[in-house]
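# Structural overview for review
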Amino acid sequence: MPHILMTDPAHFAVDYVINPWMQPAAWHGDPAGNAAAARAAWAALAGALREAGARLEVLEGVPGLPDMVFPANAAVVLDGRALLARFALPQRQPEEARFRAAFLAMRERGLLDEVLELEAGLVQEGAGDCLWDAARGHFWAGHGPRSEARAAGCIAEAFGREAVALELVSPRFYHLDVCFCPLPGGEVLYHPAAFSPAALRAIRERVPAPLRIEADAEAAARFCLNAVPVGRRLVMARPPARLAAILAERGYRVTGLDLAPFILAGGAAACMTLPLDRRSVTGAARVPELAEG
Ligand code: ARG
């Protein structure tokens, strides 16, 4: 069962706008009430993950770095190796040193084997823009609003695994993990309007039609694509009935949570988590009929 990194929400707030979902005015209308709601939502997410069988590693937050509550952006992690992120925007750049220290400490404790750096100057916002597809054995690497296109090549080199670049074209879907979610059974849940025509072609070339699940604008706006799969359970912000039904039909059990305080910062379940112990070959997770012929 997965080992997942989260950041304690004590210093979470919505203080600036770096994506179109962020609402500092709504947060600061009732900072104490929102902070309490955020703590409750965070605890509900942690509880749901534990209940699904995950083990949690909880990092302290840092005053003045509210978005550290989204450790998906800290690094890409696979096979005991962490490739540290570099942030596009000055509001989040001070997180880099904090996350680096945290990852080095995890390496000291034996939770990771290696901590790698991106080449100088290259922007790549961690697992927010780089999702491992366990069923296919490759990464999907988002670029455009935040991460650079050439990061895909560095990721492939660092992990010895293919990274399929997907261009994101909408400021609302500024990270891949808000519009795309590879599921353990080989299905891919995605919101087509977020992608360039070439990215849509790449998705459709690799994911056969029966495994493609197109999510509508409502599901995307509710951050349901920002989901955390734990086995056949999907932990996500509360889904619209239609999406819940589609996923149930595919054999997934959905835990829907109220993550509204984090959606005020443009993030939800997947952004708030980073799996630390994912392996590229797990056997059970592979879908034999997808093996590249
Ligand atoms: N406010 C944060 C930002 O704009 C939200 C990050 C959400 N994380 C994610 N993996 N999508 O960077």
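Here, every reference points to the structure presented above.
So, here is what we can say about the structure in this document. (Residues numbered from 1 in each chain as written. Predicted model: local features only at pLDDT ≥ 70, side-chain atom pairs only at ≥ 80, totals over all residues. Heavy atoms only, no water.)

### Some thoughts on the nonpolar core
The cut-off we apply is this: Only buried residues count toward a nonpolar core. Its members are Ala, Val, Leu, Ile, Met, Phe, Trp, Tyr and Cys residues joined through side-chain atoms within 4.5 Å. Buried residues are those whose accessible area, probed at 1.4 Å on protein chains only, stays under 20% of the maximum for their type, while exposed residues exceed 50% and partly exposed ones sit between those limits. Numbering of helices and strands runs from the N terminus; a helix is a DSSP stretch of H or I covering at least four residues, while a strand is a stretch of E covering at least two. By definition, residues are in contact when any of their heavy atoms lie within 4.5 Å.
Within the largest apolar cluster, 74 residues are counted, with the highest numbers of intra-cluster contacts made by Phe12, Leu45, Leu49, Leu166, Phe180, Phe195 and Phe262. The greatest single-element share of this core, amounting to seven residues, is contributed by helix H2 (residues 31-51). Residue contacts for Phe180: discarding those within four places in its chain leaves Leu131, Trp140, Leu166, Val188, Leu189, Tyr190, Phe195, Ile203 and Leu225.

### A look at the site of the ligand
This is how it is decided: Any residue with a non-hydrogen atom lying within 4 Å of a molecule or strand is treated as near it. Counting of polar contacts relies on pairs of N or O atoms within 3.5 Å, with two restrictions inside protein: one atom must be capable of donating a hydrogen and the other of accepting it, and residues adjacent in sequence are counted only when both atoms are side-chain atoms. Detection works on a 1 Å grid of protein atoms alone, calling trapped sets that fit a 1.4 Å probe cavities and calling open sets with protein on both sides within 12 Å along at least five of seven lines pockets, with lining residues defined by an atom within 4 Å of a point. Any molecule with more than half of its atoms within 2 Å of a cavity's or pocket's grid points is regarded as sitting in that cavity or pocket. In this classification, Asp, Glu, Lys and Arg are treated as charged, Ala, Val, Leu, Ile, Met, Phe, Trp, Tyr, Cys and Pro as nonpolar, and every other residue, Gly included, as polar.
The environment of the ligand is made up of 17 residues, and the closest members are Asp67, Arg92, Arg146, Asp177 and Cys271. Asn19 places a polar side-chain atom, nitrogen or oxygen, 2.9 Å from an oxygen atom of the ligand. Ala265 is positioned with one of its backbone polar atoms (N or O) 2.9 Å from a nitrogen atom of the ligand. The pocket occupied by the ligand, as judged from atoms lying within 2 Å of grid points, is the largest cavity. Counted by class, the shell around the ligand contains eight nonpolar, five polar and four charged residues.

### Describing the side chain of Thr7
Positionally, Thr7 belongs in strand S1 (residues 3-7). Within polar-contact distance, the side chain of Thr7 engages the backbone oxygen of Met68 at 2.8 Å. Aside from chain neighbours lying at most four places away, what touches Thr7 is Trp42, Val58, Leu59, Glu60, Gly61, Met68, Val69, Pro71 and Phe99.

### Focus on empty space enclosed by the protein
To keep it simple, the criterion reads: Grid points are joined across faces, edges and corners, and a volume is the space filled by probe spheres set on the points.
Evaluated as defined, the whole model comprises two cavities of 30 Å³ or more. There is about 80 Å³ of room inside the largest cavity. The wall of the largest cavity is formed by 14 residues, among which Asn19, Phe70, Arg92, Tyr174 and His175 lie closest to the centre. Per-class residue counts for the lining of the largest cavity are six nonpolar, five polar and three charged. Approximately 50 Å³ is the volume attributed to the second largest cavity. Around the second largest cavity, the lining residues are Glu214, Ala215, Asp216, Ala219, Pro240, Arg242, Leu243 and Ile246. The dominant element in the lining of the second largest cavity, judged by the number of residues it contributes, is helix H7 (residues 241-249), at three residues. Its residues assigned to classes, the lining of the second largest cavity shows five nonpolar, no polar and three charged.

### Examining the packing of aromatic side chains
The test is simple: Centres within 6.5 Å make a pair out of two Phe, Tyr or Trp rings, where for Trp the six-membered ring is used; the pair is then stacked when the planes are under 30 degrees apart, edge-to-face when over 60, and tilted otherwise.
Applying the stated criterion to the full structure yields 11 aromatic pairs. Between the aromatic rings of Phe12 and Phe70, the centroid separation amounts to 6.1 Å while the plane-to-plane angle is 80°, which identifies the pairing as edge-to-face. Here the residue Phe12 occupies a position in the loop between S1 and helix H1 (24-29), and Phe70 occupies one in the loop between strand S2 (55-59) and strand S3 (75-78), the gap between them amounting to 58 residues. Relative accessible area serves as the criterion here: at 5%, Phe12 is assigned to the buried category. Look at Phe12 and Phe262: their rings are 4.7 Å apart centre to centre, the planes differ by 35°, and that puts the pair in the tilted class. With Phe12 in the loop between S1 and H1 and Phe262 in helix H8 (residues 260-263), this residue pair connects regions lying 250 residues apart in the sequence. With a relative accessible area of 0%, Phe262 lands in the buried category. Linked through ring pairs, Phe12, Trp27, Phe70 and Phe262 together constitute an aromatic cluster.

### Section: the sheet that holds strand S8 (residues 163-167)
For sheets, the rule is that strands pair by backbone hydrogen bonds, running either parallel or antiparallel. As a reminder, the rule being used: Paired strands, in this sense, are two strands between which DSSP finds at least two bridges. Helix axes are fitted to C-alpha atoms over the stretch in contact, other axes to C-alpha atoms as well, and angles between N-to-C directions run from 0 to 180 degrees.
Across the sheet, three strands lie side by side as S6-S7-S8; this open sheet has mixed pairing. The open sheet has two edge strands, strand S6 (130-133) and S8, and neither has a second partner. Between one strand axis and the next, the sheet turns through 25° on average, direction left out of account. Where strand S7 (residues 138-143) and S8 come together, five bridges link them in parallel fashion. The residue of S8 that forms the bridge with Ala141 is Ala165. Against the sheet, helix H5 (residues 197-206) engages S7 and S8, with an angle of about 140° to S8.

### Regarding unusual backbone geometry
Non-glycine residue Asp79 carries a positive phi angle of around 55°. You can see Asp79 is positioned in the loop between S3 and strand S4 (81-84). Its identity as a non-glycine residue notwithstanding, Phe223 has a phi of 65°, on the positive side. Considering the arrangement of structural elements, one finds Phe223 in the loop between helix H6 (217-221) and strand S12 (228-230). Judged by relative accessible area, which is 0%, Phe223 ranks as buried.

### With respect to helix H4 (residues 151-159)
The line we're drawing: Relevant arc is that of directions from the helix axis to the C-beta atoms, nothing else.
Where H4 is concerned, the buried positions are Ala151, Ala152, Cys154, Ile155, Ala158 and Phe159. The arc that holds every buried residue of H4, seen down its axis, measures 160°, which confines them to one face. Buried-residue contacts for H4 involve S3, S4, strand S5 (114-116), S6, S7 and S8. Positive backbone phi, at 65°, marks Gly160, one or two positions downstream of H4.

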